Each structure stands twice: as structure tokens, then as C-alpha cells.
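# Coordinate inspection notes
Spelled out, the chains give:
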Amino acid sequence: MTMKLAKTIAIALTAVAGFAGTAMGAGAAKHPMQMEWSFEGPTGTYDLASAQRGWQIYKNVCSACHSLKYFRFRNLAELGYEEDMIKAWAAEYTVVDGVDDAGDPKERNGLPQDAFPSPFPNPEAAAASNGGAVPPDLSLIAKARHDGPNYLYSLLTGYEDAPADHEAPAGKSYNPYFPGGNISMAPPLMEGIVEYEDGTAATEEQMAKDVVNFLMYVAEPKLEARHHMGLNVLLYLLVLVVVLYFSMKKIWKPVKEGKNFYKK
Amino acid sequence: MAEWIDAKPKNKAAAWLEERLPVIGLVNNVVGVDTPTPRNLNYWWNFGSLAGLMLVVQIISGIVLAMHYTPNTLMAFDSVERIMRDVNYGWLIRYMHANGASFFFIAVYIHILRGLYYGSYKAPREVLWMLGLVIFLLMMATAFMGYVLPWGQMSFWGATVITNLFSAIPVVGDSIVTLLWGGFSVDNPTLNRFFSLHYLLPFVIAGVVILHIWAKKVSDSGNPLGIDVKSSADQIPFHPFYTVKDAFGAAVFFAIFATFLFYMPNALGHPDNYIPADPLVTPGSIVPEWYFLPFYAILRSITFDIGIPFTDVVIIPAKLLGVIAMFAAILVLFFLPWLDRSKVRSGKFRPMFRWFFWFLVIDMVVLTIVGGKKPEGIWPVIGLIGTAYYFAHFLVVLPLLAKFEKTLPLPESIANPVVKAAE
């Protein structure tokens, strides 16, 4: 009976998850390439070396147009960077913080607790510099698209010449993974656009993979803690299930034997 | 009706208090852990207490979230991200609350289906059944408003679509929508009142749950055989037998819940809700959470007006008809005790009813799928057939079955088959 019930529930849940999946898969865009990621699966962790390279890509390439408003410099410590280095990076930026005695906006160098500064003062300025399209903030992008990591990887490596029957409007590039095919972002990753500090060859695929690892980390910084706690919780519940099952069997024995508990 | 039994606590302090304020007696008479309960309840009876547990999970996690959340259109999304990133174990609390809503609905849906199969709505349990439906309606309102709070794209556009439904109501519709919005579009006043109500309604639910449990105590639990308790041999004390069985079921259920919470926390959500609300950009498709999909499918299945044939006179426009159908899909359940007049409660002894029960379950699954699809191609047709079948089940099939179905002979008592099965 227990097995049967568990099976029924499992089937129901799979069905529900399936519907949620199909409900999201709308749009005419090409299905993303399916890559393997270190953060997938119940024991998944971040590939820190790759995420560090991804941070280098973000800092040198993406940050020209894309903000990262929920990411603070201090979060870089979790990627394995030393405090001195983080302070130095933060100090490269100027941030506005309050007003001085004359009431004028006060500027100072960035500190580790500051969020990564946006490249544009406001969305209008962002749109004006980018042919009318506002480059989205990337803090949550890996979770804000269906099949996020695979989608981002496919998008970054998927630029190609438009097919004969497809005409991309002026200022747009053709990318089959983007809904509608016409994307405002020009191909961002050219081989050798950065020189990796760790000496890894900066191919387009390598850079795309690294930046996805970084952006997934930014979108879901507590993933490793979550996986770790989940394992403990499930182990605990498993033991509890076994203990309660046998307690139940023992307690229920007189009932199964037909005892009447109300006979005086 | 069960008679009121005064509690006589042995503890002196308790007895002193009981004489002045009989709270122990009150709790015993309303809930009563040692209530005589049918001895043959199967695992499908676990889902009531599971739903209660999920309500507790939601209230506790929700109260903590409310300590960190800011109900303001400019700050709501940011405050949720702050919870996810900077609040200690904030990610745990938020994922628990978001997935907890889904698991609350899973428990309640199974609980309702159990009631449908075993005829738990029949006399003398009509009020018990209807209180359950009130809880279900309150849950739907609460869940809908809760989904608006993170102020993502799906929050905003879901709120826009659903609140706009009320504009279909003749004469007062537009005023109702203005009242819901607190203005002339979904905006900050909407978010504020939804937050207020989202915090209030769970406690209203808790109140109705107490009435629901009290009604169960008064009319006794039903049981899988659907026959009345004949003697004390049919019963066992609720505690420790059903407490331990409920605890075992809860541990299994929580293990599945934890699997979602820790390993696929976003599987039941929509990625668009990680994009901040933007009134100027409509998402590609606006889909509600999975637990609303069957009702969403019913709402969208009606695409025709009802009018006087061969004239242009429209009596009920399609939009209003869709809204009526959606609400009627739940309201019809309130009349179930009088639509199904079969004397036999349990589906176990109703060979034809059993088939139709499973047809209804399949129909609900089909409607869930349809609700998640864009209303294009074949889907609206399937949706309309599914909707028609849903209502036919309650309004045609059940009344006819009561008349023509040949039911199987009922067992003599609960105790006998139980004893036999144990040998």
C-alpha cells in the first residue's frame, strides 16, 4: 500500500513538473544546446576556476552594457578572491553616496559592500546608447530564462548568418536561439577578446561556458549551501521515515489483531 | 450529534483553570486527540492532516518573510532578492514558502479527490464538505495574491489578467475592478492591499480549519467502506494510532517536498517571475501557477456569446460566460451532496461510479495541460470538451448514476472485514 501510494504521488509529481516544463517552452526559438554543468544534480557545485574566468569576461566585456545590480564586490570572496584584490577592484569604480555639506552629490571610490555599478545612469540612457533596446540586468538572467544556462550558452555561441528568407532589421543580428531571431546585442565574444589570467585559451566556447558559470553563480549564490543542506535534511527524513514506519507497525499490531479498545 | 463532554483534569492546576475557563474541555470537544475513529482508514486519509501541516509551514515561513519583505512596487522585487542573498537562510525560507504553496495544493487536491471517491460529502457530512470548499476558495485567493507579491513579470501580468475578469460582471464590474486595484491599473495600491490580505487570509483559513475539524468530530470521520460505525469494535482511539500513521505519512510527504525545495526549487515556478514587473512589456504567454491551470482552462474554453438565435442580441458575452463557468466549476461542488443521491457512499461499492471518478480525474489532468498551452489550434476545442465533461460529471452523470447504478452489497461492519484482512 505504501509503495503504491508513493508511486502514485511520484507519478503525479512528475506529471505536474512536466506540465510546468511544457508551459514554459513557448516561443518559436531554436531549442538550446544541452551542455553539462558542474552545478547540476543533487551534489552539484560551482566550477570556481571557470566562474573566476567568467567574472573576468563580465568585467571586461559584458559590463560595458549590462548591469549586475544584485551582485556586490564582497560576493567575489565566495568565488575565491582575496580581500585585497576585491578592495582594489571595487576602488576602480566611483559611486555616488549621499550629499556633502553644500547639498551636492558626493562621490567616493567603491567599497566591497557596494553593488556592481550600472554602466548607464538610467534605462533611458541605456536605450539611447543601444539602438533603443535596454540591455537587461544580468543578476538573475540564468534563472529568468527557460533552461537558463543552456539558453545563455547557446545564445552566446549561436550567432550565424541569417537564412535567405530571413531579413534582420538594421542594427540587429541574427541568432536562432533568440525568440524571433533578431537580437539587438552584437556578437559579444570574439576569440581572444580577453587574455585569461590562468592561461586558458580564450575560445568562444570556453568564454561562453565560463560566463555562464559566473552568471549562474550570481543568480543562485546559495546553490552549494542548498544542495548540502538538502542532503542532510533528506538523510534525516529517511531515518525518520524508517523509525516511524516500524513504530507504526508495532503500535498498530493490536489493531491488526482485531483488539477492541473500548470493551469494558 | 456528539454530546458535550466536560473535561475532568487530574492535575490540580489544570482543574483549577478548567473550573474557571473550560478551555481543555473546549479543545477536547472540538478536536479531541482520543476521539474514537474508524479503524479502517487507509493512507488517503493522511492528506487532511498533511494539508493542516502545510498551512502551519506556510504561516510560519510567511511571517518570517514578511519581516524582510517590502510591499512597494519600487522595492518589492529588490527586497525578495535581498532575502535570497543577504538574509540568513532567507533562500531556505523563501523556497520553502514558494514550494510550500504547491505542496499545500497537492495535499488539498488529493484530500478533495479522496472525498469525491469515498463520498465524504454525503449526509451527515455536508457541512464538513462545504467548509472544506470554503477553505479551498480562501486558499486560491491567498495563493493568487501571494504570487503577486514578488512583483515579477508573471506577478504583475497574472494580477492584471485575473483582476480584469471581474470587469465582465454587468453594471458593477468596473467598480469592483477599481476597488481591487485601488486605482485605475495594477499598481502600488494593488500590491499593498494584496499584501495586507495575503497576511490576513491564512488566519481566516486557520479559523475555518477549526470549524472543519469540529464538524468532522461531530459527524465522525468517514471511512473507506462508507458504512456507519455500528459498535465500539469498529473504532480505535485517534491517538496513538492515527497520530503515528499521520506522522509517518508526513515524513514521507516532507521528503518529497524537501526534494523540490532543495534540488529543484524553481521547477514549479515560471522563469519570467525573475524579471522585474514591467507594465510596458507583456510576456510571451501569461500562465498561472500549475494549481490554477484547470480552472484557467475552463475560463478560456468559452469563446462564444450566448444570444438570441438569428439576431445580434447578446445576452451573455463570452468573457462573462467564461468567468461564470470558472466560478461555477467550484460552486457546483457545494451542491454535490444533493446532486449525488446514491445511498452508497464509498466508490468501492459503486462499480460504475468508479469509472466515472477516474474519467473525471483524467479530465482534470487534460484541463491542466490545456490551461498551460496557448489557446491556439486544437487546444481550445479540447478545453471546451473538457469543460463540458467536467460539468456533465456533476450535473448529469452523478444524478443518473444514483438512479440506475446497481451497487455492490455492503459489508456488515467495519470491524469484520478489518479482522478478516488481518488474519
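No experiment lies behind these values; they were computed from the predicted model shown.

Moving on to the UniProt feature "binding site: heme b b562" (unreviewed entry) in chain B. Residue and element names in this part refer to chain B. Following the UniProt record, one finds the feature "binding site: heme b b562" (unreviewed entry) at H97 and H198. Taking the farthest pair of C-alpha atoms as the criterion, the annotated set spanning 102 residues converges on one region, since that pair is 12.8 Å apart. Mapped onto the elements of the fold, H97 is located in helix α5 (residues 90–117). Apart from the residues within four sequence positions on either side, H97 is in contact with Q58, S61, G62, L65 and H198. For H198, the position within the fold is in helix α9 (residues 188–219). For H198, a relative accessible area of 16% puts it in the buried group. If sequence neighbours within four positions are ignored, H198 has contacts with H97, T142, M145, G146 and L149. Engagement of the side chain of H198 in a polar contact is seen with the backbone oxygen of T142, the distance being 2.8 Å.

What follows covers the domain arrangement of chain A. Residues and elements named next belong to chain A. The domain architecture assigned to chain A consists of domain 1 (30–71 + 115–221) and domain 2 (222–264). Computed from C-alpha coordinates alone, the two centres of domain 1 and domain 2 are separated by 47 Å. Contacts between the two partners involve 10 residues from domain 1 and, on the opposite side, 5 residues from domain 2. Here domain 1 and domain 2 share an interface that buries about 640 Å² over both sides, 53% of which is from carbon and sulfur atoms. The interface formed by domain 1 and domain 2 holds 1 salt bridge in total. A salt bridge links E220 to R226; its shortest N-O distance comes to 2.9 Å. Along the contact surface separating domain 1 from domain 2 lie 6 residue pairs in polar contact (both at pLDDT 80 or more). Of the residues contributing to the side of domain 1 that touches domain 2, the split by class is 5 nonpolar, 4 polar and 1 charged.

All right, on to the packing of aromatic side chains then. All names here are of chain A. Per the counting criterion, the structure on display carries 55 aromatic pairs over all chains. Here the aromatic rings of W55 and W89 are separated by 5.3 Å at their centres, their planes lie at 75°, and the arrangement is edge-to-face. Taken as a pair, W55 in helix α2 (residues 48–60) and W89 in helix α3 (residues 83–91) lie far apart in primary sequence, 34 residues in all. Here W55 falls in the buried class, since its relative accessible area comes to 1%. The interplanar angle of 85° and the centroid separation of 4.8 Å between the aromatic rings of Y81 and W89 together place this pair among those described as edge-to-face. For the pair shown, Y81 and W89 are each scored as buried.

A word on the UniProt feature "transmembrane region" (unreviewed entry) in chain A. The UniProt entry lists residues 229–246 of chain A under the feature "transmembrane region" (unreviewed entry), expressed in the numbering used here. Within residues 229–246 of chain A, the helical portion is 100% and the strand portion 0%, while the C-alpha atoms at the span's ends are 26 Å from each other.

The geometry of a pair of packed helices is captured by two quantities: the angle between their axes and the separation between those axes. Residue and element names in this part refer to chain B. As a packed pair, helix α3 (residues 47–68) and α9 sit with axes 11 Å apart at the nearest point and diverge in direction by 155°. As summarised for this structure, α3 and α9 are arranged roughly antiparallel, according to the angle between their axes. Here the hand of the crossing between α3 and α9 comes out left-handed. Each of L55, I59, I63 and A66 in α3 lies in contact with α9, whose residues at this interface are F195, Y199, P202, F203, I205, A206 and V209. Per-class residue counts for the contact of α3 with α9 are 11 nonpolar, no polar and no charged.

Next up on the list: the environment of I275 of chain B. Residues and elements named next belong to chain B. Position of I275 among the secondary structure elements: in the loop between α10 (238–263) and α11 (293–301). With relative accessibility at 26%, the residue I275 sits in the partly exposed group. A sequence separation of 124 residues divides I275 from W151, and the C-alpha atoms of the two residues are 8.7 Å apart.

Residues and elements named next belong to chain B. In terms of domain boundaries, chain B breaks down into domain 1 (43–219 + 238–286) and domain 2 (293–405). Each of domain 1 and domain 2 has a C-alpha centre, and these two points are 24 Å apart. The largest per-residue losses of area from domain 1 upon contact with domain 2 belong to Y117, K122 and L165, which jointly make up 26% of the total buried on that side. Along the contact surface separating domain 1 from domain 2 lie 1 salt bridge. The partner of D340 in a salt bridge is K122, with the nearest N and O atoms 3.2 Å apart. Every element with two or more residues in the side of domain 1 that touches domain 2 is listed here: α5, α6 (126–148) and α7 (153–165). Along the lines of polarity and charge, the residues of the side of domain 1 that touches domain 2 split into 22 nonpolar, 5 polar and 3 charged.

So, about the interface of chain A and chain B. With 54 residues of chain A at the interface, the matching set in chain B holds 62 residues. Taking both partners together, chain A and chain B bury about 5,100 Å²; carbon and sulfur atoms supply 74% of that area. Across the contact surface, chain A and chain B share 3 salt bridges. Our count for the chain A to chain B interface comes out at 14 residue pairs in polar contact (both at pLDDT 80 or more). Contributing elements (two or more residues each) for the side of chain A that touches chain B: α1 (2–24), β1 (68–72), α6 (204–219) and α7 (223–256) of chain A. If one sorts the elements of the side of chain A that touches chain B by residue count, α7 of chain A sits on top with 19 residues. When the residues that make up the side of chain A that touches chain B are grouped by side-chain class, the tally is 34 nonpolar, 10 polar and 10 charged.

About the cut-offs
- Going along each chain's sequence as written, the residues are numbered from 1 onward.
- Following the order in which they are written, the chains are lettered starting with A and the ligands numbered starting with 1.
- Local features are withheld for residues below a pLDDT of 70 in this predicted model, meaning they are given only at 70 or higher, and side-chain atom pairs are given and counted only at 80 or more; totals for whole chains, interfaces and linings count all residues.
- Hydrogens and water molecules were not included; the side-chain quantities draw on all heavy atoms of the structure.
- UniProt positions are given in the numbering used here, feature names are shortened, and annotations may be inferred rather than shown by experiment.
- For the purposes of this entry, the term helix denotes a DSSP run of H or I that reaches at least four residues, the term strand denotes a run of E that reaches at least two, and both are numbered from the N terminus.
- Working rule for contacts: check all heavy atoms of both residues, and any pair within 4.5 Å makes them a contact.
- Only protein chains enter the accessibility calculation, which uses a 1.4 Å probe. A residue is then buried if its area is under 20% of the maximum for its type, exposed if over 50%, and partly exposed in between.
- Under the rule applied, a polar contact is a pair of N or O atoms within 3.5 Å (in protein, one hydrogen donor and one hydrogen acceptor; residues adjacent in sequence only if both atoms are side-chain atoms).
- These domain limits were set by an automatic method or by a database of domain assignments.
- What counts as buried area is the accessible surface, traced by a 1.4 Å probe, that two parts surrender upon association, with contributions from both included.
- Should a side-chain nitrogen of Lys or Arg be within 4 Å of a carboxyl oxygen of Asp or Glu, the pair is scored as a salt bridge.
- Under the scheme applied here, ten amino acids are nonpolar (Ala, Val, Leu, Ile, Met, Phe, Trp, Tyr, Cys and Pro), four are charged (Asp, Glu, Lys and Arg), and all others, including Gly, are polar.
- Here a pair means two rings of Phe, Tyr or Trp (six-membered ring of Trp) with centres within 6.5 Å. Their orientation is stacked below 30 degrees between planes, edge-to-face above 60, and tilted elsewhere.
- For helices, the fitted axis covers only the stretch in contact; all axes are lines through C-alpha atoms, and the angles between them, taken along N-to-C directions, range from 0 to 180 degrees.
- Here roughly perpendicular refers to angles of 65 to 115 degrees, roughly parallel to angles under 35, roughly antiparallel to angles over 145, and oblique to all remaining angles.
- Rotating anticlockwise by less than a right angle from the far helix to the near helix defines a left-handed crossing, while the corresponding clockwise rotation defines a right-handed one.

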